[in-house]
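Structural characterization, general
Letter by letter, the chains look like this.
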Amino acid sequence: MESVMSLRKLVLLASVASLVLQGDDVHAQEEDQRVYERSFFDQFAPQNALEMVERLPGFNLQQADEARGLGQGGTNVLINGEPVTGKGETATTRIAQIVAGNVIRIEILDAGTLDLPGFSGSVANIVTRRSSISGTVLWEPTLRGRADPAYGNGSVSVSGSSGQIDYSATLSHAMVRIVLDGPETLSDPDGNVFETRDEEWALRGDQPQLSTSVTWNRPNGHVLNAKTSFDRLSSARRQTSVSTATSSRGDNGSSIAQNFGVQNNLRFDADYSLPALGGDLKLISLFARRDSNADTRLTAADISGNTLVDQAFEEASTASEAIFRFEQQWSGSDNQSWQLAGEGAFNSLDLEADFRTFSNSDPTEVATQASTQTTIEELRGEATLAHRRRIGRNGSLQISIGGELSQIRQGEFERIFFRPKGFASYTLQPWEGWTATARIAREVGQINFRDFAATVSLFDGTTSQDNLELVPQQSWVFSGRAERVFADGHIASFSVTHERISDLVDRIPVGESGDAVGNIPSARRSGVEANITLLGAPFGLRGAQLDFNGAWQWSSVTDPIEGFTRDIGDLRLRDLTLSFRHDLPDTDWAYGFVLQDIKLAPVFRSTLAEYRNVPRGGLTPGTNAIYVEHSDLLGLRARLQVSEFLGQQSRFRRDIHAGRRDVALLDRVEERERSLNGPVITLSLGRSF
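Residues numbered from 1 in each chain as written. Predicted model: local features only at pLDDT ≥ 70, side-chain atom pairs only at ≥ 80, totals over all residues. Heavy atoms only, no water.

**Some remarks on the overall build of the protein chain**
Assigned secondary structure in the protein chain consists of three helices and 35 strands. Relative to the 2.2 N^0.38 estimate, which gives 26 Å for 689 residues, the radius of gyration of the protein chain is 27 Å and therefore close to what a compact globule would have. Principal-axis analysis of the C-alpha atoms gives the protein chain an extent of 80 × 60 × 50 Å. The buried share of the protein chain, reckoned over its 689 residues, is 48%. The long-range share in the protein chain, meaning contacts at least 24 apart out of those at least 6 apart in sequence, stands at 65%. Entry remark: accessible area of the protein chain is about 31,700 Å², with carbon and sulfur atoms responsible for 55%. (Helix = DSSP H or I, 4+ residues; strand = E, 2+ residues; numbered from the N terminus. Rg over C-alpha atoms; globule rule 2.2 N^0.38 Å. Buried < 20%, exposed > 50% of the residue type's maximum accessible area, 1.4 Å probe, protein only. Contact = heavy atoms within 4.5 Å. Areas by Shrake-Rupley, 256 points an atom, 1.4 Å probe, with all protein chains shown as cover.)

Okay, here's the thing in structure tokens:
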């Protein structure tokens with residue numbers, strides 16, 4: 001493993017060193033933009049516009065996250081000059097519905113030159129043509145060691161135009177089949193192992209999804225966009241453990257934890273644009289609803305099969321969000337623009353939880369039961385005023401000021417607070433091929449309503465208390481970015497960020513030994529990001545492209561229990577990705593690889609500290625894959641990929657104290673390693689029509 005990591009570091013350093021390459025500046029086809037015609041992407045045989053965006057040199061697609069409301073900004077992709085409204089995966093789903101054959105070109109623009117408050121860095125504008133009907137079909141079966149084959153991964157997309165109407169629809173199915181296994185050891189504070197465990201963790205998941213979109217372009221400048229999506233996620237998790245004592249402190253026995261969950265997601269969003277009040281008015285609405293049910297049961301027995309523990313935890317929840325937003329834009333001929341925007345939102349969560357223990361002699365007899373019901377609602381409104389103007393021949397300034405008023409209510413408990421927000425951004429193109437941006441922003445974070453309520457994890461053996469005092473974190477964010485585009489196609493960008501946070505959302509102590517998600521008064525976070533794209537043609541390797549994306553973060557927060565300075569919990573301290581692709585000239589063949597390395601900060605709870613190398617919700621500590629691709633295999637775009645072949649493992653460690661960390665000594669250390677059971681083989685077959 002160490003040799004693999006050393007090889008990665010050498011390759012990454014080599015790519016960074018290549019930044020010293022010098023050359024004449026690239027000449028964009030138009031001011032403030034680079035243009036990639038449709039023919040540029042032919043070598044990749046893309047099926048849709050999303051695959052084309054992912055192949056843009058030096059461009060990183062920013063997913064529109066589940067942020068607080070709709071707000072300003074979003075996914076850094078435009079379609080025919082207009083932002084794609086929506087949250088989460090709504091925007092990228094819409095981009096993926098555009099068939100590659102309907103894309104005329106993609107323009108890379110600097111956000112500072114656009115009348116789009118909230119956008120920063122590079123923005124891709126997809127210019128499309130209308131067509132009668134077209135579509136794509138994709139099938140991606142996956143094989144993984146010790147798990148059942150996942151034959152059901154695939155999608156079908158159809159799009160077209162009729163009169164003033166453009167439409168698209170996608171039916172997809174995602175399937176996961178994975179088994180991880182490996183040893184776990186329990187040690188005393190002196191490092192003496194007193195118990196070993198042989199564990200296996202398995203996951204089965206299926207998620208069909210239907211998404212549609214309709215655009216109505218009226219001749220009087222009125223445009224209506226409407227998008228809907230529905231998906232159903234069914235999952236089953238199982239964790240088995242066999243314990244063997246190596247000293248008198250250890251136990252011999254076994255345990256099984258099982259979880260079954262179903263989640264239904266419905267989303268509808270629409271926007272309507274029209275000329276109004278001497279400018280352009282856009283009305284935006286969104287409604288989303290998520291219904292979830294999850295049942296977990298844990299049983300543990302001694303070596304003779306006698307039941308020691310039998311517990312169950314059940315949750316049923318309904319989360320909903322409704323947002324209405326307006327944006328009134330005025331653009332002048334003197335390179336100035338104004339935008340007045342307002343937004344109202346209503347969010348709610350209804351959560352029912354039930355924790356039960358069963359008789360050790362009769363698994364159907366309930367020994368104890370505790371039930372809770374939580375209803376949380378938030379009514380929020382915000383208003384912003386934004387202005388953009390040119391400064392000199394090569395400079396552009398954006399300023400936005402505003403604030404939000406929020407009311408959070410749970411039963412008789414109610415809080416009302418006001419939060420100012422806004423930003424100022426200056427973009428300068430000092431020389432041809434160079435772009436520099438400086439930005440300062442006041443931001444308000446999102447609240448996860450589930451953090452208000454108490455939860456139990458029978459898989460991890462942890463509980464989280466409820467906390468009605470939780471508030472959104474706020475921060476001052478200072479950032480700068482510089483980008484250089486070379487004449488021979490190489491692209492390099494470098495950015496720095498410093499954030500001063502108030503009311504940091506992290507884990508805080510509750511009572512004598514409990515903890516909850518809460519607020520820490522202050523914290524600081526800094527980051528550096530480097531993105532480098534090198535094209536092979538100047539080095540005699542025509543059709544090749546090497547991309548390096550590196551992000552490093554540092555943070556500082558005072559631990560609320562022991563008082564020492566530490567990193568923000570679960571912060572991604574390092575995320576490095578190196579990817580290479582070579583399309584062999586004058587052939588239909590291509591090959592490439594992807595390597596990723598991730599490092600996470602530990603999480604500190606009231607009685608323990610957790611160290612992991614796999615991000616929460618993830619399955620691997622970093623992607624590694626090699627592939628070969630043929631763009632026309634019997635009319636199909638075929639790709640064979642082998643991933644997780646470097647022997648990486650999922651690692652997890654917990655340092656557990658006998659009580660709160662500040663008053664109790666370290667009691668034991670739990671440490672486990674689980675094999676990813678690679679390699680993982682994925683076959684991708686796609687066709688456009």
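Having seen it, we continue.
**Some remarks on the layout of surface pockets**
Empty space among the atoms becomes apparent when a probe as large as a water molecule is rolled across them. Here the second largest pocket is characterised by a volume of approximately 1,100 Å³. Looking at the second largest pocket, it is lined by 45 residues, and the ones nearest its centre are R197, G461, R654, R668 and E670. At five residues, the largest contribution of residues to the lining of the second largest pocket is made by strand β12 (residues 253-276). Looking at side-chain class alone, the lining of the second largest pocket contains 14 nonpolar, 17 polar and 14 charged residues. (1 Å grid on protein atoms, 1.4 Å probe; cavity = no way out; pocket = protein on both sides within 12 Å on 5 of 7 lines; lining within 4 Å. Points joined across faces, edges and corners; volume = space filled by probe spheres on them. Nonpolar A, V, L, I, M, F, W, Y, C, P; charged D, E, K, R; others polar.)

**Let's talk about the packing of aromatic side chains**
Enumeration over the complete set of coordinates arrives at eight aromatic pairs. With a centroid separation of 5.6 Å and an interplanar angle of 70°, the aromatic rings of F564 and F604 are classed as edge-to-face. Here the residue F564 occupies a position in the loop between β25 (544-558) and β26 (565-566), and F604 occupies one in strand β29 (residues 603-604), the gap between them amounting to 40 residues. Of the residues examined, F564 reaches a relative accessible area of 30% and is grouped as partly exposed. (Phe/Tyr/Trp six-rings, centres within 6.5 Å; stacked < 30°, edge-to-face > 60°.)

**Some thoughts on empty space enclosed by the protein**
Tallied over the entire structure, the rule returns four cavities of 30 Å³ or more. What lines the largest cavity is a set of 14 residues, among which P117, S337, A386, H387 and R388 lie closest to the centre. Every element with two or more residues in the lining of the largest cavity is listed here: β15 (336-358), β16 (366-391) and β17 (395-410). For the lining of the largest cavity, a count of residues per class yields seven nonpolar, five polar and two charged.

**Side note on a nonpolar patch on the surface**
A contiguous nonpolar surface patch, about 880 Å² in accessible area, is contributed by W139, L143, Y151, L584, W589, Y591, V628, L640, I681 and L683. The set of elements that each furnish at least two residues to the nonpolar patch consists of β28 (589-600) and β35 (680-688). (Patch = residues over 30% accessible without salt bridge, like charges linked within 9 Å, V, L, I, M, F, W, Y side chains within 5 Å. Salt bridge = Lys/Arg side-chain N within 4 Å of Asp/Glu carboxyl O.)

**A few points about the side chain of N613**
Looking at where N613 falls in the secondary structure, it is placed in the loop between β30 (608-612) and β31 (624-633). In terms of polar contacts, N613 uses its side chain to reach the backbone amide nitrogen of R651, at 2.7 Å. Excluding its chain neighbours within four sequence positions, the residues that come into contact with N613 are L600, P621, Q649, S650 and R651. (Polar contact = N/O pair within 3.5 Å; in protein donor to acceptor, adjacent residues only side chain to side chain.)

**A short note on the pairing of β17**
With 15 bridges joining them, β16 and β17 adopt antiparallel strand pairing. Following the sheet pairing, E382 is matched in β17 by E404. Linking β16 back to β17 in an antiparallel pair, the connection comprises three residues, with G392 at a positive phi of about 70°. Relative to strand β18 (residues 413-428), β17 runs antiparallel, the two sharing 16 bridges. Directly across from I401, in β18, lies its bridge partner G422. Taking the residues that link successive antiparallel strands as the turn, the β17-β18 hairpin has two residues, and the phi of G411 there is positive, at about 60°. (Pairing = 2+ DSSP bridges.)

**Digging into the nonpolar core**
With 24 residues, the main nonpolar core has L56, I106 and I126 as its most contacted residues. Every element with two or more residues in this core is listed here: α2 (49-54), β2 (77-79), α3 (90-96), β4 (103-110) and β5 (122-128). The biggest single contributor to this core is α2, with four residues. Among residues more than four places away in sequence, those in contact with I106 are R34, V35, Y36, F41, M52, V53, L56, A124, N125 and I126. (Core = buried A, V, L, I, M, F, W, Y, C linked by side-chain atoms within 4.5 Å.)

**What about the pattern of salt bridges?**
Scanning the entire structure with this criterion turns up 51 salt bridges. Of the charged contacts, one joins R325 and E343 as a salt bridge, the two residues approaching to 3.0 Å between their closest N and O atoms. With R325 in strand β14 (residues 307-331) and E343 in strand β15, this pair connects stretches of sequence that are 18 residues apart. A single burial state applies to R325 and to E343, both of which are buried.

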